[in-house]
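Now for the letters of each chain:
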Amino acid sequence: MFTGPVPQDPTATDVSFADLGLSPPVVRSVTSIGFEYPTPIQVQVIPKALEGHDVIGLAQTGSGKTGAFGLPMAEHLIHGKGVRGLILCPTREIALQTQSFLEVVGRDHQLSTVCLIGGVKLGPQIQDLRRHPDIVVATPGRLWDHYERRNLKLDRIEKMVLDEADHMLDLGFLPQILRVFEAVPTDRQTMMFSATMPPSVENLARRFMRTPLRVDLRPDTRIAEGIEHRLYMVEPQNTKACLLAIAAAEKGSMLIFLRRKVDAEWACKQLEKEGHPVERIHSDRTQKQRVEALQGLRLGEHRILLATDIAARGIDIPIIEHIVNYGAPDSLEDYIHRAGRTARGALKGTVSTIATWQDKEYIRLIEKAIGKPLPRFVAEGVEPYIERKTTIRGRPKIRRRLT
Ligand code: AMP
């Protein structure tokens, strides 16, 4: 059942980092962390960012966005001139990952980065701010908290990045983001990254960016080719049994998305009882527990990770063989986002969705996006839901049992 570490595979290009205009020290630092070739978003964004343009980058999670904005930032900023770089992130995990990346690529320029995230004490962060950082990586709420307490100034920001802008807005950070935009200098460079471009994000770009260049690297089909989609339609009382049956039937690494924390807790206990190496991340887990759970999955210490959607968004989860949606995702974007955790590059993966009749509307949207019906599957020992085909007037036409 144990499958060992799971590989990472951001699709690389055949251009070199030096070709993009980066200096030898910065190229050395990326090479030192094992990046040989830039990813497509890095190829498109880095030269423009080095020229000082505002950029909107539309790309999926895992595309290499951090390098796309982090490398030009490391190239331009000089140590000891006050906080010049500001990166806003939706979650604590993304902020921490971004900080560690910047620490490596900024080493040659002695750039120091602080991370201001919620859920931990203010004191140590205040100490960090007193050590004259050059870059601040922050979640918007905690950044604003520090700003109001006058723990940091934002009047020297030259480079500002909004990472996963759509998720930050989903999480309700718009008020803090607007205040930050009012507090930073207007002649800064702004870069915004987002997996989707809803009107709320367009609006931010229109108000606060200067003729931004748009780099859109979302694949045409939006859903990777190598994915096998499976739909398990069941009665609401059978969803749990279905989840356990899938977890037992599949042998590889598995990421299970659930809507509710209670379900994640229940599933964790139950799967553990059935002998599966399993961990979970959700908002009641501490920062340390979440980091350990992710690290454990990366190292292959546990095979299954349970995650509520909010806790899992954007985090750098390695490539997973099986994605399971316990309940259909609320939107097509979420389905695509989650599916993006598997079948990257040439790898294959499966996305299994456990749904009930209440999810039919979402299922229809997903089927439209992938251009064909989701193949129906039946989990061993679990009675399938019997779908009815309806006429235009909504009357049942045929009843068929799924196989
Ligand atoms: P990101 O989208 O920035 O979170 O990156 C996703 C994953 O790809 C992370 O594990 C990065 O370390 C990795 N990565 C980013 N850029 C490259 C690159 N040019 N070469 C190899 N790995 C990369």
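Before reading further, recall that the structure is shown in the block above.
Residues numbered from 1 in each chain as written. Predicted model: local features only at pLDDT ≥ 70, side-chain atom pairs only at ≥ 80, totals over all residues. Heavy atoms only, no water.

**Student:** Whenever I open this one, the sheet that holds strand β2 (residues 85-88) confuses me. Can you help?
**Tutor:** Through backbone hydrogen bonds, the strands of a sheet pair up, either in parallel or in antiparallel fashion. Reading across from one edge, β3-β4-β2-β5-β6-β1-β7 is the order of the seven strands in this open sheet, with parallel pairing throughout. Looking along the sheet, the strands with just one partner apiece sit at the ends: β3 (113-116) and β7 (213-216). Geometrically, the sheet is characterised by an average inter-axis angle of 15° between neighbouring strands, direction not taken into account. (Pairing = 2+ DSSP bridges. Helix = DSSP H or I, 4+ residues; strand = E, 2+ residues; numbered from the N terminus. Axes fitted to C-alpha atoms, helices over the stretch in contact; angles between N-to-C directions.)

**Student:** What is the right way to read the side chain of Thr350 from this model?
**Tutor:** Within the secondary structure, Thr350 is located in strand β13 (residues 349-355). Non-local contacts of Thr350, meaning those with residues more than four positions away in its chain, are made with Glu228, Arg230, Glu321, His322, Ile323 and Thr342. (Contact = heavy atoms within 4.5 Å.)

**Student:** Please explain the pairing of strand β4 (residues 135-138) as it appears in this structure.
**Tutor:** Across a regular strand the side chains alternate sides, sitting on one face of the sheet and then on the other. Burial of the side chains of β4 extends over both faces: Ile135 and Val137 are buried on one face and Val136 and Ala138 on the other. The pairing of β2 with β4 spans four bridges and is classified as parallel. Each bridged residue has a counterpart across the sheet, and for Leu88 the counterpart in β4 is Ala138. Relative to β4, β3 runs parallel, the two being bridged by four bridges. Bridge pairing links Cys115 to Val137 in β4. (Buried < 20%, exposed > 50% of the residue type's maximum accessible area, 1.4 Å probe, protein only.)

**Student:** Explain the packing of helix α2 (residues 40-50) against helix α3 (residues 65-76) here, please?
**Tutor:** Think of two packed helices as two axes; the pair is described by the angle between the axes and how far apart they sit. It is at 8 Å that the axes of α2 and α3 come closest, and there the two elements cross at 25°. Here α2 is positioned roughly parallel relative to α3, judged by the angle of their axes. Viewed along their axes, α2 and α3 form a crossing whose handedness is right-handed. Judged by residue contacts, Ile41, Gln42, Val45, Ile46, Ala49 and Leu50 of α2 engage Lys65, Gly67, Ala68, Leu71, Pro72, Glu75 and His76 from α3. Residue composition of the contact of α2 with α3, grouped by class: eight nonpolar, three polar and two charged. (Parallel < 35°, antiparallel > 145°, perpendicular 65-115°, else oblique. Left-handed = near helix turned anticlockwise from the far one by under 90°. Nonpolar A, V, L, I, M, F, W, Y, C, P; charged D, E, K, R; others polar.)

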